[in-house]
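Residues per chain, in single letters:
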Amino acid sequence: MVDLNFKYKTLLDFLKKETPFTPDISIILGSGLGDFAEQLKINKTILTGKIPNYPASTVSGHKGKIHFAEYENKKIILFQGRIHFYEGYNINECIIPVFISHKLGAKNLLLTNAAGGINKNFVPGDLMLANSLNGILIKRELTDLIGLTNLAGKDNFISLPDPEFNEIIRQSAKAKGIKIKEGVYIYTKGPTYETPAEIRFFAKYGADAVGMSTVHEAVYSSYLGMKTAAISCITNFAAGISLQKLTHSEVTETADRVKDTFARLVKAIIKTL
Ligand code: HPA
């Protein structure tokens, strides 16, 4: 088990000095969804490159900025850029944004991501509330991270995501007239997109959307007692669902196309929380 308080002491000491307020909610923005930051009153921006020991963001569409922002009297810490396992980081580096959010006092965490649609009723541009998560491919690493094996019989069964938070998302979408789908998000380590055979396998086991983030962040935040929910932007048909070859630019282009709807939904959620 890794002692994150020790490992990230310098990083945290730096941020504690720089942080203008105690956030109510933390939001991690997925691939291509980073423009949401422009929708809020930004109080302060910290470049992650300036934070000691903060992993560098290597993916286009992930800016490497932490914003402290306000909306409707809510204080928000906003991660414009994510740390992925497929970039070569280990799991205790990938969850740094969750660790920071918790240490700075955020009680709520909204995870957003770009995902491939496995469910045949999904089309690129749909927003999906992840009403359940499948992290079977990352469980071993999580065990290392939080010592889950030592918790047998105690808090071993983390409830994911938070049913109350999910209901807030449903109601916020309804109030804004935004149609959202619901389904199971399955994590895959990457670094490549899946093969059609892998997608058929995931479909058989109940997955509706696939991506390379979120599940480990959600497991960790729930473990820390943060109210957690996740929204996927379906940016493409998963491999083999359509015959078209999948590219990262398709992912960012679709995310860009739905950014206004996504922003209206997330703002409504912040207001309601
Ligand atoms: N697979 C994995 N990750 C993704 C996808 C996908 O199809 N689309 C966006 N992120």
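A few points on the structure. (Residues numbered from 1 in each chain as written. Predicted model: local features only at pLDDT ≥ 70, side-chain atom pairs only at ≥ 80, totals over all residues. Heavy atoms only, no water.)

### Digging into helix α6 (residues 163-175)
For α6, with 13 residues, the first-to-last C-alpha span of 18 Å sits near the 18 Å given by 1.5 Å per residue. Residues of α6 that are buried include every one of F165, N166, I168, I169, S172 and A173, and no others. End-on view of α6: buried residues confined to an arc of 155 degrees, all on one side of the axis. Opposite its buried face, α6 presents the exposed residues P163, E164, K174 and A175, each directed more than 90 degrees away. Its buried side turned inward, α6 meets β5 (108-117), β6 (127-134), β9 (227-237) and α10 (259-272). Sitting at the head of α6, D162 places a side-chain oxygen 3.0 Å from the backbone nitrogen of E164. Immediately beyond the C-terminal end of α6, within one or two residues, lies G177, with a positive phi of roughly 70 degrees. (Helix = DSSP H or I, 4+ residues; strand = E, 2+ residues; numbered from the N terminus. Expected span 1.5 Å × (residues − 1). Buried < 20%, exposed > 50% of the residue type's maximum accessible area, 1.4 Å probe, protein only. Arc of directions from axis to C-beta. Contact = heavy atoms within 4.5 Å. Polar contact = N/O pair within 3.5 Å; in protein donor to acceptor, adjacent residues only side chain to side chain.)

### Here we look at the packing of α6 against α10
Viewed as axis vectors pointing N to C, α6 and α10 meet at an angle of 125 degrees, and their least axial separation amounts to 9 Å. Here α6 is positioned oblique relative to α10, judged by the angle of their axes. Every pair of crossing elements has a handedness; the one defined by α6 and α10 is right-handed. Contact with α6, carried on its side by F165, I168, I169, S172 and A173, involves L265, A268, I269 and T272 of α10 and no other residues of that element. Residues belonging to the contact of α6 with α10 are distributed by class as follows: seven nonpolar, two polar and no charged. (Axes fitted to C-alpha atoms, helices over the stretch in contact; angles between N-to-C directions. Parallel < 35°, antiparallel > 145°, perpendicular 65-115°, else oblique. Left-handed = near helix turned anticlockwise from the far one by under 90°. Nonpolar A, V, L, I, M, F, W, Y, C, P; charged D, E, K, R; others polar.)

### Some thoughts on the pairing of strand β1 (residues 25-29)
The element β1 is largely enclosed, with a buried count of five among its five residues. The two faces of β1 match: I25, I27 and L29 on one face and S26 and I28 on the other face are all buried. Here β1 pairs with strand β4 (residues 74-80) via five bridges, running parallel. If you follow I28 over to β4, its bridge partner there is F79. (Pairing = 2+ DSSP bridges.)

### So, the nonpolar core
Judged by nonpolar contacts, the single largest core of 46 residues is most densely connected at L11, Y54 and I100. Once residues lying within four places of it in the same chain are set aside, the contact partners of I100 are L11, L12, L15, Y54, I77 and F79. A173, I231, I269 and I270 belong to the second-largest nonpolar core, a separate cluster that totals 29 residues. (Core = buried A, V, L, I, M, F, W, Y, C linked by side-chain atoms within 4.5 Å.)

### Concerning the pattern of salt bridges
Summed over the entire model, instances satisfying the criterion amount to eleven salt bridges. Residues E18 and K44 are paired through a salt bridge, measuring 2.9 Å at the closest nitrogen-oxygen approach. Note that E18 is positioned in helix α2 (residues 9-18) and K44 in strand β2 (residues 41-47), a separation of 26 residues in sequence. Residue class for K44 comes out partly exposed when judged on its relative accessible area of 27%. Here E217 ties to R82 by a salt bridge, and the two come within 2.8 Å at their closest N and O atoms. One end of the pair, E217, is in helix α8 (residues 215-223); the other, R82, is in the loop between β4 and α3 (91-94), and 135 residues separate them in sequence. E217 gets classed as buried once you look at its relative accessible area, which sits at 1%. Several salt bridges converge on common partners, so that one network encompasses D35, D256 and K259. (Salt bridge = Lys/Arg side-chain N within 4 Å of Asp/Glu carboxyl O.)

### A few points about unusual backbone geometry
What you tend to see is this: most non-glycine residues have negative phi, and most peptide bonds are trans. Of note, the amide linkage connecting G190 to P191 takes the cis form, showing an omega dihedral of 5 degrees. With respect to the helices and strands, the residue P191 is situated in the loop between β7 (181-187) and α7 (196-204). Positive phi, close to 50 degrees, is recorded for E72, a residue that is not glycine. Relative to the helices and strands, E72 is located in the loop between β3 (65-71) and β4. Positioned with a positive phi, T214 is a non-glycine residue whose angle comes to about 75 degrees.

### Focus: the site of the ligand
For the ligand, the full set of nearby residues is A114, A115, G116, Y193, E194, V210, G211, M212, T235, N236, L246 and V251. Residue N236 places a side-chain N or O atom 2.7 Å away from a nitrogen atom belonging to the ligand. Contact with the protein chains removes 95% of the 260 Å² of surface that the ligand exposes when unbound. Mapped by element, the contributors of at least two residues to the shell around the ligand are β5, β8 (209-211) and β9. Here the shell around the ligand takes three residues from β5, the largest share from any one element. (Near = heavy atom within 4 Å. Areas by Shrake-Rupley, 256 points an atom, 1.4 Å probe, with all protein chains shown as cover.)

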